[in-house]
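Residue-level structural notes
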Amino acid sequence: MAQLSEPDLIFERGCPDCGERRIRLPLPFPGVSDDLDWLARDYDSLRLFMMQELAHRYPHRKHWTPADMEVVLVEVLAAALDRVSHTLDAIQAERFLETAKRPQSVRRLLKLIGYDAVLRSPEAIFDPASSLTLEDQLEAHWRAQPDAMEAARQAGPRLTGEQLRMVTLADHETLMTRHPLVARAKARLIRTTAWSSILIAILPEAGHELDLPLFGGPNPIAPELWREVERFHSDLRLPLRARQDQPTPREILRTLIERYRMVGSELFLENAHPAPITFTLSVRLKPGYFRSEMRHALNALLSAEQGGFFEPGRYGFGQDIFASDIFDAVMALDGLESACLNRFKRVGQNWPDRAGEGLIAIGEHEYVQCENDRAQPDAGHYRLVLHGGEAG
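Right, let's walk through the structure included here.

Reading guide: rules and limits
- Residues numbered from 1 in each chain as written.
- Predicted model: local features only at pLDDT ≥ 70, side-chain atom pairs only at ≥ 80, totals over all residues.
- Heavy atoms only, no water.
- Axes fitted to C-alpha atoms, helices over the stretch in contact; angles between N-to-C directions.
- Helix = DSSP H or I, 4+ residues; strand = E, 2+ residues; numbered from the N terminus.
- Left-handed = near helix turned anticlockwise from the far one by under 90°.
- Contact = heavy atoms within 4.5 Å.
- Nonpolar A, V, L, I, M, F, W, Y, C, P; charged D, E, K, R; others polar.
- Salt bridge = Lys/Arg side-chain N within 4 Å of Asp/Glu carboxyl O.
- Buried < 20%, exposed > 50% of the residue type's maximum accessible area, 1.4 Å probe, protein only.
- Pairing = 2+ DSSP bridges.
- 1 Å grid on protein atoms, 1.4 Å probe; cavity = no way out; pocket = protein on both sides within 12 Å on 5 of 7 lines; lining within 4 Å.
- Points joined across faces, edges and corners; volume = space filled by probe spheres on them.
- Core = buried A, V, L, I, M, F, W, Y, C linked by side-chain atoms within 4.5 Å.
- Phe/Tyr/Trp six-rings, centres within 6.5 Å; stacked < 30°, edge-to-face > 60°.
- Lys NZ or Arg CZ within 6 Å of the ring centre and 35° of its normal.

1. Some points on the packing of helix α1 (residues 43-57) against helix α2 (residues 69-93)
At a minimum axis distance of 9 Å, the contact between α1 and α2 shows a crossing angle of 145 degrees. Once α1 is placed against α2, the crossing between them reads as right-handed. Counted together, Y43, L46, R47, M50, M51 and L54 of α1 and E70, V71, V74, E75, L77, A78, A79, L81 and D82 of α2 form the full contact between these two elements. Within the contact of α1 with α2, the residues separate by chemical class into eleven nonpolar, no polar and four charged.

2. Quick look at the environment of D127
Looking at where D127 falls in the secondary structure, it is placed in the loop between α3 (103-112) and α4 (134-144). Residues D127 and Q137, spaced ten residues apart in sequence, show a C-alpha to C-alpha distance of 8.0 Å.

3. Remarks on the pattern of salt bridges
Inspection of the entire model under this criterion finds 15 salt bridges. For E366, the salt bridge goes to R346, with nearest N and O atoms at 3.2 Å. Separated by 20 residues along the polypeptide, E366 in strand β10 (residues 366-369) and R346 in strand β8 (residues 336-346) bring together distant segments of the chain. Given a relative accessible area of 9%, R346 falls into the buried group. Because the salt bridges share partners, they merge into one network encompassing R61, D68 and E70.

4. Overview of α4
Taken together, the buried positions of α4 are Q137, L138, E139, H141 and W142. Packing partners of the buried residues in α4 comprise α3 and α5 (146-158).

5. Description of unusual backbone geometry
Although it is not a glycine, Q246 sits at a positive phi angle of roughly 55 degrees. Tracing the backbone shows Q246 in the loop between α7 (223-235) and α8 (249-260).

6. A look at the sheet that holds strand β3 (residues 182-191)
Strand pairing in a sheet relies on backbone hydrogen bonds, with the paired strands running either antiparallel or parallel. Ordered by their spatial adjacency, three strands build an open sheet running β3-β4-β5, and the pairing between neighbours is mixed. Across the chains shown, the open sheet's two edge strands, defined by having one partner strand only, are β3 and β5 (267-271). Each neighbouring strand pair of the sheet contributes to a mean axis angle of 25 degrees, computed without reference to strand direction. Alignment of strand β4 (residues 196-204) against β5, held across five bridges, turns out to be parallel.

7. A few points about the layout of surface pockets
Computed from the structure, the largest pocket encloses a volume of approximately 1,100 Å³. Lining the largest pocket are 37 residues; nearest its centre among them are A206, G207, H208, P312 and E371. Secondary structure elements with two or more residues in the lining of the largest pocket: β4, α7 and β10. Of the residues that constitute the lining of the largest pocket, the class distribution is 19 nonpolar, ten polar and eight charged.

8. Here's the deal with the pairing of β4
With eight of nine residues buried, β4 is to be regarded as a mostly interior element. Of the strand pairs in this sheet, β3 and β4 are connected by nine bridges, and their pairing is antiparallel. For A185, the partnering residue across the bridge sits in β4 and is I202.

9. Some details on the nonpolar core
Counting 28 residues, the largest nonpolar core has F279, L302, F310 and I321 as the members making the most contacts within it. Elements supplying a minimum of two residues to this core: β6 (273-290), α9 (291-301), α10 (323-330), β8 and β11 (381-390). The element that contributes the greatest number of residues to this core is β6, accounting for six residues. Ignoring any residue separated from it by four or fewer positions in sequence, one finds I321 in contact with I277, F309, F310, Y315, I326, F344, G358, L359, I360, I362 and V368. M166, M176, A187 and I200 belong to the second-largest nonpolar core, a separate cluster that totals 19 residues.

10. Topic: the packing of aromatic side chains
Counted by the stated rule, this structure contains six aromatic pairs. Taken together, a centroid distance of 6.0 Å and an interplanar angle of 35 degrees make the contact between F279 and F310 tilted. Of this pair, F279 sits in strand β6 while F310 sits in the loop between α9 and β7 (321-322); the two residues are 31 residues apart in sequence, bridging distant segments of the chain. Comparing F279 with F310, the two get one shared label, buried. Each ring, one from F317 and one from Y367, has its centre 6.3 Å from the other, and the planes form 75 degrees; the classification is edge-to-face. Residue F317 is found in the loop between α9 and β7, and its partner Y367 is found in strand β10; the two are separated by 50 residues along the sequence. For R61, the ring lying beneath its charged end belongs to W64, and the centroid distance is 3.9 Å. The lysine or arginine in question, R346, covers the ring of W351, its NZ or CZ lying 4.1 Å from the ring centre.

11. Some words on empty space enclosed by the protein
Overall, the coordinates contain one cavity of 30 Å³ or more when judged by the stated rule. Empty space within the largest cavity amounts to approximately 30 Å³. In terms of lining, the largest cavity is formed by F310, E311, P312, G313, R314, Y315 and V368. Among the residues forming the lining of the largest cavity, the class breakdown is four nonpolar, one polar and two charged.

Below, the structure written as structure tokens:
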């Protein structure tokens, strides 16, 4: 550290009390010319630069050989600097998704932009019995399959605009209908004096109800539908209650809601409001067609089972039903000559017959229902009247 000189005490002439301390500061250091080639990063350019510097410092020396100690030191130093330069470049490259090479860096950079590579990599064979974490297993998979890592690197930035939270009412409806247990969903906002809540009307698949158990209840879930539920929860890493716990659709759907709802938002699920209808359909058969076979075909066509005309979810919330839709469906069957609706209305004495208008209006939060179950006539029913054809 530089030492400063002792200060001098100097008095002004004519005033013995007026004095000041003055110190002589050292001269500034001479400037250093910046003749370093900052683009020299590899062995050849670094060696050339240092050899040029030697030639400049020792102009009287006209000849240099590889055996000279100065040349040996230059080459050793150039090799070391080349390795350091490569390390700096590699470290700098790991900071950016486009140039990162290590699977760990790629996974972390993707996580920064909201792309969970573990969640979105179904092609990786994650072993639950392994002592490694899912992240470690994914990185090992990427080292063995570099193409999979490149695919994730390309997919991550494209999905930055993907909606990962339920914000609008449409978001709630879209996400809920993705679940295999949901045929239709309708969301609405309920305003109170203190805050607002979101109420989602759910129309479950296969006639299930929100609060009835899927196993052991009056309407057990089909094995293929339960496999779809298990696959859906596995893909999204959502918890799923075991079948021995007798889960209900409401309990299963709450796990999806808690994952994707906005913080502070209040959501409630309710059973969708059905609009049961009843109608009388008269048809005339062509000669050569048996009435019993045609009745069976019509019942299969108009059933509420999967693939039937009144399958839950085929008609959306607030979607009116037209008589022409029924005519188009039944007249597609072979053997029918004509069809007529003698009665077309909603179930209940307070609802008028709409056969003349050919339209039954459905409320915004209602859906068409026609189970045609004799034990539950209030769930919608129809009557078939067949003419012509052959007896039997």
